[in-house]
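# Chain and residue survey
The primary structure of each chain is shown beneath.
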Amino acid sequence: MAGPLLAIETVTAGYRGNVVLRDLSLAVEEGTLAAIIGPNGHGKSTLLRAISGLVPLSRGTISLAGRRIDRLRPDEVVAAGVVHVPQGDLLFPEMTVVENLMMGAYLPAAAAQMPKRLDEVFALLPKLAERRHQIASTLSGGERRMTGIGRGLMADSRVLLLDEPSLGLAPILIDQIYEVVVRLKRSGRTILLVEENASRVADKADRIHLLDHGSFVWSGAGPELMARPEILATYLGG
Amino acid sequence: MAAPPPVAPHRRGLVPEQSSHAGGGAILSVRGVSKHFGALAAVDDLSFEVMPGEVLGIGGPNGAGKTTLFEVISGLSPATRGAILFDGRDITQASPEAICHAGIARTFQLNAGFDSMSLADNVRVAAYFGRAHRSWPGVKVGADTDAVVAEALAAVGLADRAHLLTGSVPVLDRKLAMLAGAIATKPKLLLLDEPVGGLNPKEIDHVMGVVRTIAARGITIILIEHIMRFLVELSTRVLIMHHGEKIYEGKPKGLVSDRTVIDVYLGEGASERLGALMAARERA
Amino acid sequence: MDVLIQIVASGLTLGAMYAVSTIGLALVYGSLNMLNMANGALLALGGYVCYFVATTLGLPAPLAVLAAMLVCGLAGLLIYLTTALPMLRSGEFETRIFIATIGLGSVLENVIQKVFGPQPLPQPLKAPGDVVIGAVHVPNQNLLILATALLLMVLVAGLLQRTRIGRAIRATAQNREAAQLMGIRVGQVYAIVLALSGALAAISGIMISSLTSLSPTMGAEPMLKAFIICILAGLGNVHGAVASALLLGLIEAGAQYLLGVRWSFALLLLIVIAVLVWRPYGLFGRRQVVRL
């Protein structure tokens, strides 16, 4: 297949008159892990929401394997193979952990594999297995994060969008989650994630993109970024 | 600096210390506290003390009971067993308002703020209702409250942006407003629940500076955080919880050599990085 | 003793009838955040279509019921397509749809009046005979209503808990954005929920008119009671709505016996106010303790 799997071209988008993304372009090659870093409030989450269809574009296009997905409804974007694990988790509060996970495999293709996927997610996140019948609204912050990520892993995704997967997680769990992410990438999935802490992704991401005030100001490989501390210092400090 | 406001006569639920044991001067004494939800013990027979002026850092795996502990101390979710003494007084079953007026303030993991109001107004609400019991809220907030508000905003660095609407500002400012609201209640003890989650290193540094300023005023602080840099650099002492119990209590540097802590909380990678970080700071 | 049986029998019947249309209201509010004020008119429409098919067209009773369900289901769908869907994106949805559906209901009632006339008409669907318990004659019609209502509730519960579309409805009600991110077509969910609530309103209308009679504005009071039940139960809570409906039916029957029909509604409302003062989120509503 020629060209990147996910192509974002000169995209402008925002909320109610505020422009958040300005003329933004990004190409993500299949089977790679791309990380977006940058100051808070500058559009990282908005970009993921624009890809998954929750935020409409005022200009530009987003294509998956050459097919435009920016005018599709969010559920159609999911059906096309783009799974978004949002930052606020957005769990179903009155459903249990396992019911939430099962909702991740709502579409028929994934539903057929449900038992196997559930086992995989529970093996990966044993805490969720422990709490499988607990109602989501009673979970702790980190447990909700885990459930949200687990739910995202239940679906068949060609592209997985992860919004700050490490937020609120204990250090040991962060390492485990990133191990999973790298394993997923190695098995062929394409992953686009947003991360607050550049050093966490520097040695794992194939490409890192620095988003500032709605546009990308720097793109490159991890080692390059760590060799240029002044870039990080300017935008992120430390 | 102004002295803390005098104790109002009508504070419900605060029982003066009955026993002769004075608690050794601890400002907060948690004794055998348990919190059960049905059969599940979210906090299990936990005991520890906090001395005035300390910064106690609490860490632990997700679901260990850390936020539940804060809910028990601040009165939102009373303990099922055990006792909590604050400044010598039993607050175990006191109402959240009484505990706030007694001098304990708290911030939350999620950005709790009134979105349609300005940052300054959010802090005003805290300053007005949080410092003293108001049986009849007045029409005007009053000059002394305004002074407290201005001071709190300046302490966190929000003075120039205070007029902006809370719903429209970046997450750092919302967290700072929450912190300003907490200190505007003139607390003696401040409970901070994951104050820097989601912030980048520059923003974390800023919040660390603010917390140091607050601690310098003599306010005792207990903080929950997973961002280890924040936890170890600010805390004078660290407590790690797991399944509602204490598995470590001691100096921050001991964390990286405690086997249990590494196995259940830090993991090998993070503990190595943390060890290196602490060693570097010590050399500096 | 006989009086008690009488009260329980009529109370459960009343409660069952209310429960059927309350489920529809609770579903619509739960998933769409929409208070459908046209529900009363749909109730009446159901009763009238049944009458028309059974009497004027002379077709058998089951067909009449089916026809009523289809027509009202379609009406529910139309309400979604013409009114709710265009308004969903705009601000202040809840207020605007509330007013819009009041208007729709009014129009519908007037159309019914023009077509069928304002005089009360008898509902032909009645099961003859009665059953004797103690010294009390309980009409078979009441038992039929109770049985039908219970069956419907079991079916709706089964739909929500065990079917794929049921999970989609529950997911949409609990978190719309998350539901979209799971691949659920929420527009379709809304349409189904509104159509379903229309069909349920039709059955409720047939039941109620079989005990009283058909009139264009017959739906107003039952709809008001259905709303009260929803609020008493905790808005959006379907199981709680059923339990509250039965409870309210019993209270109403008791009040009617003790004070007469005139005062029963007032007493009902007073009791509801007292309950809400004690538990503002409704009897079964979750206390909104958001985990911060």
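Just so you know, these numbers come straight off a predicted model, no measurement behind them. (Residues numbered from 1 in each chain as written. Chains lettered and ligands numbered in written order. Predicted model: local features only at pLDDT ≥ 70, side-chain atom pairs only at ≥ 80, totals over all residues. Heavy atoms only, no water.)

## Details of the packing of helix H9 (residues 220–233) of chain C against helix H10 (residues 238–259) of chain C
Between two packed helices, both the angle of their axes relative to each other and the distance between the axes serve to describe the pair. Residue and element names in this part refer to chain C. Viewed as axis vectors pointing N to C, H9 and H10 meet at an angle of 120°, and their least axial separation amounts to 8 Å. Viewed along their axes, H9 and H10 adopt a mutual orientation that is oblique. For the element pair H9 and H10, the recorded crossing hand is right-handed. The segment H9 lies against H10, with Lys225, Ile228, Ile229, Leu232 and Ala233 engaging Gly240, Ala241, Ser244, Ala245, Leu248 and Glu252. Tallied by class, the residues present in the contact of H9 with H10 amount to seven nonpolar, two polar and two charged. (Axes fitted to C-alpha atoms, helices over the stretch in contact; angles between N-to-C directions. Helix = DSSP H or I, 4+ residues; strand = E, 2+ residues; numbered from the N terminus. Parallel < 35°, antiparallel > 145°, perpendicular 65-115°, else oblique. Left-handed = near helix turned anticlockwise from the far one by under 90°. Contact = heavy atoms within 4.5 Å. Nonpolar A, V, L, I, M, F, W, Y, C, P; charged D, E, K, R; others polar.)

## Structural notes on helix H8 (residues 186–211) of chain C
With 26 residues, H8(C) extends 38 Å from end C-alpha to end C-alpha; this agrees with the ideal 38 Å at 1.5 Å per step. Counted residue by residue, H8(C) has 20 buried out of 26 residues, so it is predominantly covered. (Expected span 1.5 Å × (residues − 1). Buried < 20%, exposed > 50% of the residue type's maximum accessible area, 1.4 Å probe, protein only.)

## Side note on the sheet that holds strand E1 (residues 28–37) of chain B
All names here are of chain B. Read from one edge to the other, the open sheet built from four strands follows the order E2-E1-E4-E5, with strand pairing classed as antiparallel. At either end of the open sheet lies a strand with only one pairing partner, and these are strand E2 (40–50) and strand E5 (89–90). Pairing geometry for strand E4 (residues 81–86) and E5, over two bridges, is antiparallel. Opposite Leu85, over in E5, you have Asp90 as the bridge partner. (Pairing = 2+ DSSP bridges.)

## Points about the sheet that holds strand E5 (residues 67–68) of chain A
Residues and elements named next belong to chain A. If you walk across this open sheet you meet the four strands as E2-E1-E4-E5, and the pairing is antiparallel. Each edge of the sheet is formed by a strand with only one pairing partner; in this case those strands are strand E2 (18–28) and E5. As defined by bridge partners, strand E1 (residues 6–15) adjoins strand E4 (residues 57–64) across six bridges and the pair is classed as antiparallel. The partner of Ala13 across the bridge, within E4, is Leu57. Of the strands in this sheet, E1, E2 and E4 are in contact with helix H1 (residues 44–52), which crosses E2 at around 70°.

## A closer look at the interface of chain A and chain C
Each partner contributes to the interface: chain A provides 28 residues, whereas chain C provides 18 residues. Interface area, chain A with chain C, both sides summed: about 2,200 Å², of which 58% is carbon and sulfur. In this assembly, chain A and chain C are joined by one salt bridge. Of the charged contacts in the structure, one is a salt bridge between A:Arg49 and C:Glu177, with a shortest N-O distance of 3.0 Å. At the junction of chain A with chain C, the criterion picks out four residue pairs in polar contact (both at pLDDT 80 or more). Listed by contribution, the elements that provide at least two residues to the side of chain A that touches chain C are H1, helix H2 (74–79), helix H3 (97–104) and helix H7 (141–153) of chain A. Broken down by element, the side of chain A that touches chain C gets its largest block of residues, four residues, from H3(A). For the side of chain A that touches chain C, a count of residues per class yields 15 nonpolar, six polar and seven charged. (Buried area = accessible area lost by both parts, 1.4 Å probe. Salt bridge = Lys/Arg side-chain N within 4 Å of Asp/Glu carboxyl O. Polar contact = N/O pair within 3.5 Å; in protein donor to acceptor, adjacent residues only side chain to side chain.)

Nothing here speaks to function; it is geometry throughout.
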